[in-house]
Amino acid sequence: GITAGYQLPDADSASIDREFRWYANNPEYLDRVFGRAGPYLYHIVGEIEARQMPLELALLPVVESAFEPYAYSRARASGLWQFIPATGKRYNLAQDWWQDQRRDIVASTAAALDYLQAIYEMNGDWHLALASYNWGENAVKRAVEKNQARGLPTDFSSLTMPAETRNYVPKLQALK
């Protein structure tokens, strides 16, 4: 099963517990989301396994879009993986009058995994890679540099970041 490929260490357990309680108290939400995930999960898990990445990443579209391929955010992010236009372009996802590959499951999954791999290699840490995916790699880089300059730790839990990003990793870990 998918759980055999879990690799991410747990973040702050109080935050994970809080997110877990929310999911546990909203089973109809999870039923809906995983009902939508059905057609996509096999492909996503296969791609992640082929790349030998942590299988928890297959749950990221729950946090990003609730597995809604036509999800669209205020920041103009679109698709299961919620690519903003610029990042979509950077990862060769066509966005024009005829198509928006950010909504294409195969193309957007490949792009999301390429992006996650790149930001993992940049940070050397999956928690920081996930923070970068949510908040932007430059924002995480600035937060790390700020802590380095102050002689403070630079791990995920030590950085100052927006609440949405702070809760991002615990949401993913509560799902697993």
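Let me begin by describing the structure that accompanies this report. Note that this is a predicted model, so its numbers are computed, not measured. (Residues numbered from 1 in each chain as written. Predicted model: local features only at pLDDT ≥ 70, side-chain atom pairs only at ≥ 80, totals over all residues. Heavy atoms only, no water.)

## Structural notes on the environment of valine 106
Stated formally: Helical segments are the DSSP runs of H or I of at least four residues, strand segments are the runs of E of at least two, and each set is numbered from the N terminus.
Looking at the secondary structure, you find valine 106 in helix α5 (residues 105-123). Valine 106 sits 52 residues away from proline 54 along the chain, and the two C-alpha atoms are 19 Å apart.

## Structural notes on the packing of helix α6 (residues 126-135) against helix α8 (residues 163-175)
Threshold: Think of each axis as a best-fit line through the C-alpha atoms, taken over the contacting stretch in the case of a helix, with angles from 0 to 180 degrees between the N-to-C directions. In these notes the angle categories are as follows: under 35 degrees is roughly parallel, over 145 is roughly antiparallel, 65 to 115 is roughly perpendicular, and the rest is oblique. For a crossing to be left-handed, the near helix must be turned anticlockwise from the far one by less than a right angle; the clockwise case is right-handed. Contacts: residue pairs with any heavy atoms within 4.5 Å of one another.
It is the contact of α6 with α8, at a shortest axis distance of 9 Å, that shows an interaxial angle of 125°. As judged from the angle between their axes, α6 and α8 are oblique. Every pair of crossing elements has a handedness; the one defined by α6 and α8 is right-handed. Every residue of α8 that contacts α6 at His127, Leu130, Ala131, Tyr133, Asn134 and Trp135 is listed here: Glu164, Thr165, Tyr168, Val169, Leu172 and Gln173.

## Here we look at the side chain of glutamate 19
Within the fold, glutamate 19 resides in helix α1 (residues 13-24). The residues contacting glutamate 19, other than those within four sequence positions of it, are Asn167, Pro170, Lys171 and Ala174.

## Description of the nonpolar core
Defined as follows: Nonpolar core, defined: a set of buried Ala, Val, Leu, Ile, Met, Phe, Trp, Tyr and Cys residues in which side-chain atoms within 4.5 Å join the residues together. Remark: exposure states derive from per-residue accessible area (1.4 Å probe, protein chains only) relative to the maximum for the residue type, with buried under 20%, exposed over 50%, and partly exposed in between.
Ranked by size, the top nonpolar core spans 49 residues in total, and within it Trp81, Leu116, Leu130 and Tyr133 carry the most contacts. Looking at this core, the elements with two or more residues in it are α1, α2 (27-51), α3 (60-65), α5, α6, α7 (137-149) and α8. Examining the composition of this core, we find that eight residues originate from one element, α5, more than from any other. Residues within four places of leucine 130 in sequence aside, it is in contact with Leu8, Leu57, Leu60, Leu116, Tyr168, Val169 and Leu172.

## Regarding the environment of valine 140
The residue valine 140 is located in helix α7 in this model. Relative accessible area serves as the criterion here: at 1%, valine 140 is assigned to the buried category. Through-space distance from the C-alpha of valine 140 to that of threonine 160 is 9.2 Å; in sequence the pair is 20 residues apart. Setting aside residues no more than four positions away along its own chain, valine 140 makes contact with Asn123, Leu128, Ala131, Ser132, Trp135 and Leu159.

## Points about the pattern of salt bridges
Put simply, the rule is: Definition used for salt bridges: Asp or Glu carboxyl oxygen within 4 Å of a side-chain nitrogen of Lys or Arg.
Scanning all chains against the criterion turns up seven salt bridges. Where lysine 176 meets glutamate 56, a salt bridge forms, and the shortest distance between an N and an O atom there is 3.5 Å. Of this pair, lysine 176 sits in the segment after α8 while glutamate 56 sits in the loop between α2 and α3, and the two are 120 residues apart along the sequence. A salt bridge links arginine 90 to glutamate 137, with the nearest nitrogen and oxygen atoms 2.7 Å apart. A residue pair is termed long-range when its members are at least 10 positions apart, and arginine 90 in helix α4 (residues 85-90) and glutamate 137 in helix α7 qualify at 47 residues. For arginine 90, a relative accessible area of 47% translates into the label partly exposed.

## Observations regarding the packing of aromatic side chains
In plain terms, the rule: Between the rings of Phe, Tyr and Trp (Trp by its six-membered ring), a pair exists once the centres lie within 6.5 Å; its type follows the angle of the planes, with under 30 degrees stacked, over 60 edge-to-face, and the other angles tilted. Geometrically, a lysine NZ or arginine CZ counts as sitting over a ring once it is within 6 Å of the ring centre and also within 35 degrees of the ring normal.
Tallying each qualifying case throughout the model produces six aromatic pairs. Ring centres of tyrosine 91 and tyrosine 115 lie 5.2 Å apart, and the angle between their planes is 50°; on these two criteria the pair is classed as tilted. Of the two residues, tyrosine 91 sits in the loop between α4 and α5 while tyrosine 115 sits in helix α5, which places them 24 residues apart along the sequence. With relative accessibility at 5%, the residue tyrosine 115 sits in the buried group. Both rings, one in tyrosine 120 and one in tryptophan 126, keep their centres 4.3 Å apart while their planes meet at 15°; by these two values the pair is stacked. Among the aromatic residues, those joined into a ring-pair cluster are Trp22, Tyr23 and Tyr29. Here the basic side chain of arginine 166 rests over the ring of phenylalanine 156, its NZ or CZ set 5.4 Å away from the ring centre.

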